[in-house]
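Summary of structural features
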Amino acid sequence: MDFQALKLDHALVRILAEHEILSPTEIQMESIRNFRQHPRSHLLGQAKTGSGKTLAFVLPVIEHLNPKIPYLQTLVIVPTRELCKQVASVFRLFESYKDLQIAEIYGGVSIKLQIEAIKKGAQVAVATPGRLIDLYHQREIDFRSVKVVVLDEADKMLNMGFLPDMRFLLMEAMQNITPRLLLYSATLSHDIKTFVHDFAHGDPILEMNVSTDNLTVDECEQSYYAIPGNKYWNFVRILRMENPEYAIIFTKTRIKAEELSRRLNQEKDIPFQVQYISGDLSQSEREKIVKTFRSREIICLIGTDVLARGLDFLQVTHVFNYDLPDNAEKYVHRIGRTARVSGGEKNVLSGKAISLVTASDRKKLQNIEDFTGIRLQLKPLPNSNTIYPSPLVSAKVSPKVSQKSENSQKPQKPRRPPASHRRKKKKPRK
Ligand code: ADP
Ligand code: MG
């Protein structure tokens, strides 16, 4: 099945092909068909992370938009600024196709330009809840012409404490002509269903569940280490052994993320710099960090679950759960940063999700396994034979010390030498 068979306009198919998007994923097919065939229904789409949910709503919305009407027609609400920019950039691929204007609305930057973008007649607004509410209270945006409201990462938004904001926004948006609601999520909870039901005005709600059997991407190798003692020191060894090309590390709190990045950067045994990112950094700092990560100047980011929400970094080879997330849905979102679709669903890039499990994490691990239906593979902790001696530190590793305590473990193949860009000498730290 290709996009032409879905009777998508040739010009749209051409733009997609330029980005090597040739055949629709399952959620994209379902979503496009249902949007067209059931114009009075609200849609609730669940598909695993990395399965192309963005285009699942962008494509039917683009088809449907009228470029001649210089008013807001589609409102997309997303949980984070990064996702806002990312979703807007997907809409922008089709800007020329219909001569559309797309407004990005998120906090932490000047509101003036955003107001201008709306005044110029943007037909699409991609927004985070807080700034959108500000604009609404200032009467700089109104929802009367909105025909479609999309909630991307709906489960996260409701979990992140945005529920009152979402209720307010939908009450306002749904009071005149009733727009269609489109919700997309990697997991569909009971709360989401209730939420949609409350705003559906009695119109039918169509559920699209395309991957209930297996929520996590199959090509992602999921494993864990049982951590007996000091988590940090074990992690340094794991990190050295895994020798990741392009990685994200998740911690439970910002403070822990910051501390971990500081300690790792002082670690002589780690041959690359790690970068802390969080919501408390300024918008421009965050953008700078995301940019350096995308360009691979930095190959390892450390942050909390905020990092996991919808950010699409292609080809992340490793996701490390330094701390296990407190619920299984978060786990699915985190590990969705690896093994993402590229060039059609058949061609999923492989990746590893590695979790550190302490004695008190057992219950969480059980919940994750129950939720995903996958048993995470237990890996032996690395000993000095399994760690590739980095050129910087080979003289400092003391095999005797490490073998004494862990020589019962199965040795593994040494990893390839680190890539040259990671061999750079680290700047001395004070
Ligand atoms: P999700 O929202 O489901 O997590 P995204 O919409 O962020 O997934 O898409 C993940 C990646 O897959 C993006 O890089 C996107 O360009 C790519 N992609 C989406 N649809 C297709 C497709 N039909 N064929 C190939 N790649 C695709
Ligand atoms: Mg998404």
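In the block above lies the structure referred to throughout.
Keep in mind it's a predicted model, so treat the numbers as computed, not measured. (Residues numbered from 1 in each chain as written. Chains lettered and ligands numbered in written order. Predicted model: local features only at pLDDT ≥ 70, side-chain atom pairs only at ≥ 80, totals over all residues. Heavy atoms only, no water.)

All right, on to the overall build of the protein then. For the protein, the helix and strand inventory stands at 16 helices and 14 strands. Burial status across the protein gives 55% buried among its 430 residues. When contacts within the protein are restricted to residue pairs at least 6 apart in sequence, those whose partners lie at least 24 apart make up 77%. By element, 51% of the accessible surface of the protein is carried by carbon and sulfur atoms, the whole surface being about 19700 Å². (Helix = DSSP H or I, 4+ residues; strand = E, 2+ residues; numbered from the N terminus. Buried < 20%, exposed > 50% of the residue type's maximum accessible area, 1.4 Å probe, protein only. Contact = heavy atoms within 4.5 Å. Areas by Shrake-Rupley, 256 points an atom, 1.4 Å probe, with all protein chains shown as cover.)

Right, let's talk about the sheet that holds strand β8 (residues 220–226) for a bit. Note on sheets: strands pair through backbone hydrogen bonds, and any given pair is parallel or antiparallel. Overall, parallel pairing links the seven strands, which are arranged β10-β11-β9-β12-β13-β8-β14 in an open sheet. Edge positions in the sheet fall to β10 (275–276) and β14 (377–379), since each has one partner strand and no second. Strand direction decides the pairing type here: strand β9 (residues 247–250) and strand β12 (residues 318–321), joined by four bridges, are parallel. Within β12, the position partnered with isoleucine 248 by the bridge is valine 319. Relative to the sheet, helix α12 (residues 254–266) contacts β9, β10 and β11 (300–303), its axis offset from that of β11 by approximately 145 degrees. On top of the sheet, helix α13 (residues 283–294) reaches β9, β10 and β11; it is set at about 145 degrees to β11, its chief contact. (Pairing = 2+ DSSP bridges. Axes fitted to C-alpha atoms, helices over the stretch in contact; angles between N-to-C directions.)

Right, let's get into helix α1 (residues 10–18). Those residues of α1 not exposed but buried are Leu12, Val13, Ile15 and Leu16. All buried residues of α1 project into a common sector of 160 degrees when viewed along the axis, lining one side. Of the residues in α1, the exposed ones pointing more than 90 degrees away from the buried face are His10, Arg14 and Glu18. Here the buried face of α1 lies against α3 (53–64) and α5 (95–98). Measuring from the side-chain oxygen of the N-cap residue of α1 to the backbone nitrogen of alanine 11 gives 3.2 Å; that N-cap residue is aspartate 9. One or two positions beyond α1, positive phi appears at glutamate 20, with a value near 60 degrees. (Arc of directions from axis to C-beta. Polar contact = N/O pair within 3.5 Å; in protein donor to acceptor, adjacent residues only side chain to side chain.)

Our next topic: the nonpolar core. Counting 41 residues, the largest nonpolar core has Phe57, Phe91, Phe94 and Val126 as the members making the most contacts within it. The dominant element in this core, judged by the number of residues it contributes, is α3, at seven residues. Apart from residues no more than four positions distant in its own chain, valine 126 is found in contact with Val76, Val78, Cys84, Val87, Ala88, Phe91, Ile102, Ala103, Glu104 and Ile105. (Core = buried A, V, L, I, M, F, W, Y, C linked by side-chain atoms within 4.5 Å.)

Attention shifts here to helix α9 (residues 163–173). Buried residues of α9: Met166, Leu169, Leu170 and Ala173, and no others. Buried residues of α9, viewed axially, fall in a sector of 95 degrees; they line one side. Away from the buried face of α9 by more than 90 degrees, exposed residues Pro164 and Met171 are located. Considering only its buried residues, α9 is in contact with β2 (74–77), α7 (129–137), β5 (148–152), α8 (154–159), β6 (180–185) and α10 (190–199).

Here the focus is the pattern of salt bridges. In the structure shown here, the tally under the stated rule is 20 salt bridges. Of the charged contacts, one joins glutamate 140 and lysine 119 as a salt bridge, the two residues approaching to 3.1 Å between their closest N and O atoms. Residue glutamate 140 is located in the loop between α7 and β5, and its partner lysine 119 is located in helix α6 (residues 112–119); the two are separated by 21 residues in the primary sequence. Overall, glutamate 140 belongs to the partly exposed group, its relative accessible area being 22%. (Salt bridge = Lys/Arg side-chain N within 4 Å of Asp/Glu carboxyl O.)

A separate point is the sheet that holds strand β3 (residues 102–105). Sheet architecture is open: seven strands sit in the order β3-β4-β2-β5-β6-β1-β7, paired in parallel fashion. Each edge of the sheet is formed by a strand with only one pairing partner; in this case those strands are β3 and β7 (205–209). Shown here is a sheet whose adjacent strand axes are inclined to one another by a mean of 15 degrees, direction ignored. Where strand β1 (residues 42–46) lies against β6, four bridges are found, and the strand directions are parallel. Residue pairing for β6: glutamine 46 is matched across the bridge by serine 185.

Bringing the packing of helix α2 (residues 26–37) against α3 into the picture now. The contact between α2 and α3 brings their axes to 8 Å, and the two run at 30 degrees. The orientation of α2 with respect to α3, classified from their angle, is roughly parallel. In terms of crossing hand, the pair formed by α2 and α3 is right-handed. Of α3, the residues touching α2 (which contributes Ile27, Gln28, Ser31, Ile32, Phe35 and Arg36) are Lys53, Leu55, Ala56, Phe57, Leu59, Pro60, Glu63 and His64. Of the residues that constitute the contact of α2 with α3, the class distribution is eight nonpolar, three polar and three charged. (Parallel < 35°, antiparallel > 145°, perpendicular 65-115°, else oblique. Left-handed = near helix turned anticlockwise from the far one by under 90°. Nonpolar A, V, L, I, M, F, W, Y, C, P; charged D, E, K, R; others polar.)

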